[in-house]
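Letter by letter, the chains look like this.
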Amino acid sequence: MCYKIQEIKPLDDTAIGNIIKKVGEEYGAIGDGFGPSDAEVNAMSQHYADENASRYFIATIKGNIVGGCGIAAFNGSNDVCELRKLFLLPESRGLGLGKKLTEDCLKYAQYKGYTKCYLDTLKSMQSAISLYEKLGFKHLDKSLAGTIHNGCDVWMLKAL
């Protein structure tokens with residue numbers, strides 16, 4: 001199945017926001033302390049821009065948005081970035097989209113000079129964790145200081 005990956009645009013905000021909330025609910029990521037509840041979810045394109053050393057990519061199949069993933073500074077750091085909001089609809093899983101989105105984010109992070117990439121997720125998201133491990137992320141015993149996602153129970157870091 002063919003897919004396309006591109007930078008988010010304002011007209012994509014509603015669709016990707018709905019996907020993030022829907023997939024988050026599927027995995028129990030509901031309420032404060034979870035990414036789908038972040039204020040940025042309702043206007044992703046306004047929060048990810050090159051001038052902020054951040055980017056959010058969306059994936060489409062046959063013109064329909066099926067998911068996305070972003071990268072941005074972690075807690076204002078110039079060295080550590082955060083992989084954010086990798087969420088894919090069920091019908092788009094298993095096609096290599098998650099890997100491609102993550103790799104695109106990591107390439108962008110390296111281009112912007114970040115030296116480490118952090119992420120937090122949930123134990124219930126086993127396929128995502130497996131992907132992150134294959135891409136060289138290492139498990140941490142606890143979250144990095146400054147995370148706003150205190151509902152997460154898996155924390156990982158990768159040297160870039």
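A brief look at the structure comes next. (Residues numbered from 1 in each chain as written. Predicted model: local features only at pLDDT ≥ 70, side-chain atom pairs only at ≥ 80, totals over all residues. Heavy atoms only, no water.)

**With respect to the packing of aromatic side chains**
For the structure shown, the criterion picks out 4 aromatic pairs. Between the aromatic rings of Tyr108 and Tyr111, the centroid separation amounts to 6.4 Å while the plane-to-plane angle is 45 degrees, which identifies the pairing as tilted. A residue pair is termed a helical-turn pair when its members lie 3 or 4 positions apart in one helix, as Tyr108 and Tyr111 do in helix α3 (residues 97–111) at 3 residues. (Phe/Tyr/Trp six-rings, centres within 6.5 Å; stacked < 30°, edge-to-face > 60°. Helix = DSSP H or I, 4+ residues; strand = E, 2+ residues; numbered from the N terminus.)

**Quick notes on unusual backbone geometry**
With a phi angle near 55 degrees, Asn75 is a residue other than glycine that sits in the positive phi range. Although it is not a glycine, Lys85 sits at a positive phi angle of roughly 50 degrees. Note on placement: Lys85 falls in strand β4 (residues 80–88). Judged by relative accessible area, which is 8%, Lys85 ranks as buried. (Buried < 20%, exposed > 50% of the residue type's maximum accessible area, 1.4 Å probe, protein only.)

**Regarding the pairing of strand β7 (residues 154–159)**
Of all 6 residues in β7, 5 are buried, a share of seventy percent or more. As paired elements, strand β5 (residues 116–121) and β7 share 6 bridges and run antiparallel to each other. Each residue of the ladder has a partner; that of Leu119, found in β7, is Met156. (Pairing = 2+ DSSP bridges.)

**Thoughts on the pattern of salt bridges**
With the rule as written, the count across this model stands at 10 salt bridges. Salt-bridge contacts for Arg93 lead to Glu26; the nearest nitrogen and oxygen are separated by 2.8 Å. Of the two residues, Arg93 sits in the loop between β4 and α3 while Glu26 sits in helix α1 (residues 13–26), which places them 67 residues apart along the sequence. The salt bridge involving Lys112 is made with Asp50; its shortest N-O contact spans 3.3 Å. Linking Lys112 in the loop between α3 and β5 with Asp50 in the loop between α2 (44–47) and β2 (55–61), this pair joins segments that are 62 residues apart in sequence. Residue Lys112 is classed as partly exposed on the basis of its relative accessible area, which comes to 29%. Residue Asp50 is classed as partly exposed on the basis of its relative accessible area of 33%. Connected via shared salt-bridge partners are Asp38, Glu40, Glu82, Arg84 and Lys85. (Salt bridge = Lys/Arg side-chain N within 4 Å of Asp/Glu carboxyl O.)

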